[in-house]
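# Structural overview for review
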Amino acid sequence: MRAKTLTLKSTKKLKFIIFIIFLLYAVVLARAFYIQVLAGENYVKRVLADFPKGRIIKITSYRGSILDKNGQPLAISLPTISIYAFPKLVQNKEELADRLSKILNIPQGKILSILNSKDRFVWIARHVDESDKGLVEEAILDTDNSKGVGIQSDFKRFYPNHDLASNLIGFVGWDGKGLDGMEYALNKYLGGKPIDVMTIFAPKEGRMVLRPLSIQDTGTQNDVYLTIDMGVQSIVEDIKNHIVKDFNPRRVAIVVEDVRTGNILGMATYPDFDPNDYYDYPQRDWRNSAVTDVFEPGSVMKPFFLGYAMAKGYIHRGETCNANGGVGNFYGHTVTDVEHNGILTMSQVLIVSSNVCAMKIASHLTREDAENVVNLFHLVKPYGIIPGEQAGILPNFYYPINRMFATIGQGIAVNALNLANAYAALATDNLVKPHIVKKIVNPLGEVIYHEKVDIIHKDIFPQSTIDWLHYALEQVVEKGTGVAAKSKHFTIAGKTGTSQIFNFKTGHYSWRKVVAVFAGFFPVSNPRFSAVIVAYDPHPKNGALAWGGTVSAPYFKELVDRISFYYALKPDKTSSETSSGKSQ
C-alpha cells in the first residue's frame with residue numbers, strides 16, 4: 001500500500017517537473033519570437049546601445065524569379081557567399097590577402113587595404129560563387145583567422161540573358177532590392193528584402209550573430225511570369241541590332257503585342273545594358289525608351305483621325321480630295337506632300353500619305369472630335385504597367401490648325417507602347433488594356449494573380465469604317481509608302497511615319513534629323529499581333545534622307561515573317577496574290 005502511494009506521488013512530481021520544463025521552453029520560444037519578429041529592429045538597437053562593439057550588417061536574401069510567359073528565366077537568385085572580417089582580429093594579413101586574391105581574382109593590394117581598415121567590420125568580397133567556399137574556408141583556417149574572418153551565405157541576382165530585355169527587366173542593388181524596371185515594380189511580390197544581422201565581437205570570443213539569416217525574415221518570395229515570350233523577344237532584339245548596325249540611330253524602340261489579349265510579347269530598346277553589371281553603364285542606357293520617350297509620330301496618326309471623320313460621316317468612301325499638286329496653305333502655314341498628288345480617293349489619301357488632303361479632312365473636326373480621337377485610342381495617357389511611362393503631349397485643340405497638324409502627327413507626341421496598343425485597337429475595333437505581368441505564383445505553387453482581358457473601349461468605329469481602314473492600310477503596304485514592308489507570305493496593315501525633330505536651339509524643325517516610324521498589325525485576314533518600330537535620328541549610310549518607309553518598314557516585314565513562322569501561322573497570301581480587295 002505504501003509503495004503504491006509513493007509511486008503515485010512520484011508520478012505527480014514527474015508530471016509537474018515536465019510541466020515546468022515545457023513552461024520554461026515556451027517562455028524561451030516566446031522570448032525568441034519577440035526578439036526576432038515583434039521587437040525586431042528596435043530590440044537590436046537597444047542591444048547595440050549596450051554593446052558599442054556591435055554592428056548591424058545587411059544580408060541579401062532569396063528573391064522570387066522573373067520568368068517569361070513560358071517559364072524561361074529572366075531574373076533569378078543564385079546562392080552565393082560573402083566574406084567579411086573584423087580587421088583588429090585578423091592575423092597573417094599578407095598571407096591571407098595572397099591566398100584570397102588567387103581564389104577571388106581580386107588584386108592582393110586591394111584585399112590587404114581592406115584588412116588594414118580602421119573599421120570594426122568590413123566586407124572583403126560580396127556575392128562570391130558558392131563553389132569557392134571550400135577554398136576560402138581553407139585559406140581562413142590555414143592563416144589562423146577563424147575568429148577574425150567569416151563567411152556569410154547569401155544570394156545574388158543573376159540575369160542569364162544579359163542585355164536581352166534589360167531595359168524592361170531592370171536590376172536590383174547590392175541589398176537585393178529592385179531599383180529599376182520590373183524588378184522595382186515587383187518588389188512587393190518578389191520579396192527578398194535585405195536582412196539585418198547583428199554581430200558582436202570581443203578579442204577572445206570573436207564574432208557572435210544574434211539574428212541569423214532565416215526564411216521567416218525574407219518575406220514572401222513569389223515567382224512572376226511576364227507576358228514576354230523569349231522567342232519573340234529574341235527576334236525583336238536581333239532586328240533592333242540590325243537597325244543599329246545599318247542606321248546608327250540615337251535610340252530604337254520596338255514593341256510587339258497580342259491584339260486579342262493586350263499581352264506585350266516583346267519590347268526591345270537601344271541603348272541597352274547588362275543588368276549583371278548595370279553600374280558599368282551610364283544611367284541613360286538604363287532607360288526603357290519604349291515608355292519613357294515620347295515623339296511626334298508623323299503620318300502614323302492619320303488612320304485614327306481619318307477613321308473618326310468617316311465614322312462621324314464627315315467623309316465617305318466615294319468622295320475624292322484634290323491635293324492641289326501636293327501643296328496646301330492652312331491658316332498661313334504651307335503644307336506639302338512628298339509627291340505632286342492630284343485627285344485622290346479617301347483610301348489613296350492614306351496609301352500615298354497625303355498631308356494636304358489629311359489636313360483638309362481634319363478641317364471638319366471639332367475640338368471635341370479631336371479630344372475623342374485621343375481618348376478613344378488612349379494615345380497620351382500612361383497605362384501604369386511599366387515603370388517610367390511618360391505621358392504624351394497634346395496641343396491646344398481649341399485652335400483648328402492644331403487639330404489639323406495633329407492629324408498628320410505634328411504637335412502631338414506619344415510613346416511606343418501607347419502607339420502599339422492603339423494599332424491593336426485598329427485591328428480589333430476594341431481598345432484592350434495592355435499587360436506585362438501574366439501571372440504571379442506563390443511558394444506553394446498557387447496562382448495568386450492572373451491577367452485578364454480588360455476592354456477599355458469596345459466597338460470604337462462602325463464595322464464599315466474598320467473594314468475600310470483595314471483595306472486602306474493593307475494597300476499602304478502592298479503599293480503605297482510602306483511597300484518596303486510587304487511580305488510574300490502574310491498580309492500586313494500598316495502606316496509609315498516620318499517626323500522632323502524639333503531643334504530647341506534654333507526654334508525650328510530639322511530637315512535632316514527625323515524619327516522614322518512604322519506601325520501596323522498582321523495578318524489582316526485574322527489580326528493576331530500589332531507592332532511598332534521607332535528609330536530616332538537614323539543615319540542612312542548613303543547620306544540619303546531617312547524615312548519611315550525606308551528605315552523602319554523593311555524591318556517590319558522581317559518582324560512579321562519571323563514572328564508569324566515562330567507561331568506557326570498559316571500564310572494568308574497565295575503565291576499569285578499581290579493585294580487584296582478592290583480599289584476604293
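The following refers to the structure shown. Since this is a predicted model, take the numbers as computed values, not measurements. (Residues numbered from 1 in each chain as written. Predicted model: local features only at pLDDT ≥ 70, side-chain atom pairs only at ≥ 80, totals over all residues. Heavy atoms only, no water.)

## Overview of the overall build of the protein
Broken down by element type, the protein carries 18 helices and 23 strands. By the burial criterion, 52% of the 584 residues in the protein qualify as buried. Considering only contacts within the protein whose residues lie at least 6 apart along the sequence, 72% involve residues at least 24 apart. Total accessible area computed for the protein in this model is approximately 27,200 Å², and 55% of it derives from carbon and sulfur atoms. (Helix = DSSP H or I, 4+ residues; strand = E, 2+ residues; numbered from the N terminus. Buried < 20%, exposed > 50% of the residue type's maximum accessible area, 1.4 Å probe, protein only. Contact = heavy atoms within 4.5 Å. Areas by Shrake-Rupley, 256 points an atom, 1.4 Å probe, with all protein chains shown as cover.)

## A closer look at the state of the cysteines
A covalent bond between the sulfur atoms of two cysteines is what we call a disulfide. Going through the model one piece at a time under the given rule, you end up with one disulfide. At a sulfur-sulfur separation of 2.2 Å, the disulfide partner of Cys321 is Cys357. Measuring handedness by torsion sign, the sulfur bridge of Cys321 and Cys357 sits at about -105° and is left-handed. A residue pair is termed long-range when its members are at least 10 positions apart, and Cys321 in strand 13 (residues 320–322) and Cys357 in helix 12 (residues 355–362) qualify at 36 residues. There is no split in this pair, since Cys321 and Cys357 are both buried. (Disulfide = S-S within 2.5 Å.)

## Details of the side chain of Asp132
Structurally, Asp132 can be placed in the loop between strand 4 (122–129) and helix 4 (133–142). An unpaired buried charge is present at Asp132: no salt bridge exists, and Lys156, the closest side chain of opposite charge, is 10 Å distant. Here Asp132 is in contact with Ile81 and Ile103, once residues within four sequence places are set aside. (Lys, Arg positive; Asp, Glu negative; His and termini not counted. Salt bridge = Lys/Arg side-chain N within 4 Å of Asp/Glu carboxyl O.)

## Brief notes about a nonpolar patch on the surface
Together, Tyr189, Ile448 and Tyr449 give the surface a local cluster of nonpolar side chains, amounting to about 260 Å² of exposed area. Mapped onto the elements of the fold, Tyr189 is located in helix 7 (residues 187–190). By relative accessible area, Tyr189 is classed as partly exposed at 30%. (Patch = residues over 30% accessible without salt bridge, like charges linked within 9 Å, V, L, I, M, F, W, Y side chains within 5 Å.)

## Thoughts on unusual backbone geometry
Backbone torsion omega between Tyr270 and Pro271 reads 5°, so that peptide bond is classified as cis. As for its placement among the helices and strands, Pro271 is situated in the loop between strand 12 (264–270) and helix 9 (289–292). The omega torsion of the bond from Phe522 to Pro523 falls at -20°, within 30 degrees of zero and hence cis. Phi is positive for Asp144, close to 55°, though the residue is something other than glycine. If you trace the backbone, Asp144 turns up in the loop between helix 4 and strand 5 (149–158). Within the chain, Ser353 stands out as a residue other than glycine whose phi angle is a positive 60°. By the secondary structure assignment, Ser353 is in the loop between helix 11 (346–351) and helix 12.

## Observations regarding the packing of aromatic side chains
Evaluated as defined, the whole model comprises 24 aromatic pairs. Note on Phe518 and Phe556: the rings are 4.6 Å apart at their centroids and 50° apart in plane angle, and the pair reads as tilted. Of this pair, Phe518 sits in strand 22 (residues 508–522) while Phe556 is found in helix 18 (residues 553–566), placing the two residues 38 residues apart along the sequence. Of the aromatic side chains, those joined through ring pairs into one cluster are Phe171, Phe273, Tyr278, Tyr279, Tyr281 and Trp286. Seen from the ring of Tyr536, Arg251 lies directly overhead, with NZ or CZ sitting 4.1 Å from the centre. Stacked on the ring of Tyr225, the Lys or Arg Lys439 has its end atom at 4.6 Å from the ring centre. (Phe/Tyr/Trp six-rings, centres within 6.5 Å; stacked < 30°, edge-to-face > 60°. Lys NZ or Arg CZ within 6 Å of the ring centre and 35° of its normal.)

## Focus: the packing of helix 8 (residues 230–247) against helix 18
Packing of helix 8 against helix 18 brings their axes to within 10 Å, and their N-to-C directions diverge by 160°. As the angle between them shows, helix 8 and helix 18 are arranged roughly antiparallel. Note that helix 8 runs across helix 18; the crossing there is right-handed. Contacts from Gly231, Val232, Ile235, Val236, Asp238, Ile239, His242, Ile243, Asp246 and Phe247 in helix 8 reach Tyr555, Glu558, Leu559, Arg562, Ile563 and Tyr566 in helix 18. Of the residues assigned to the contact of helix 8 with helix 18, the class counts are 10 nonpolar, two polar and four charged. (Axes fitted to C-alpha atoms, helices over the stretch in contact; angles between N-to-C directions. Parallel < 35°, antiparallel > 145°, perpendicular 65-115°, else oblique. Left-handed = near helix turned anticlockwise from the far one by under 90°. Nonpolar A, V, L, I, M, F, W, Y, C, P; charged D, E, K, R; others polar.)

## Re the sheet that holds strand 12
Strand order across the open sheet formed by five strands is 12-11-23-22-21, with antiparallel pairing between neighbours. Lying at the two open borders of the sheet, with one neighbouring strand each, are strand 12 and strand 21 (493–503). Between one strand axis and the next, the sheet turns by 10° as a mean value, whatever way the strands run. Examined bridge by bridge, strand 21 and strand 22 share 10 bridges and lie antiparallel to one another. Across the sheet, residue Gly497 finds its bridge partner in strand 22, namely Val517. Along the sheet face, helix 8 touches strand 11 (251–258), strand 12 and strand 23 (529–536) and points at about 25° away from the line of strand 12. (Pairing = 2+ DSSP bridges.)

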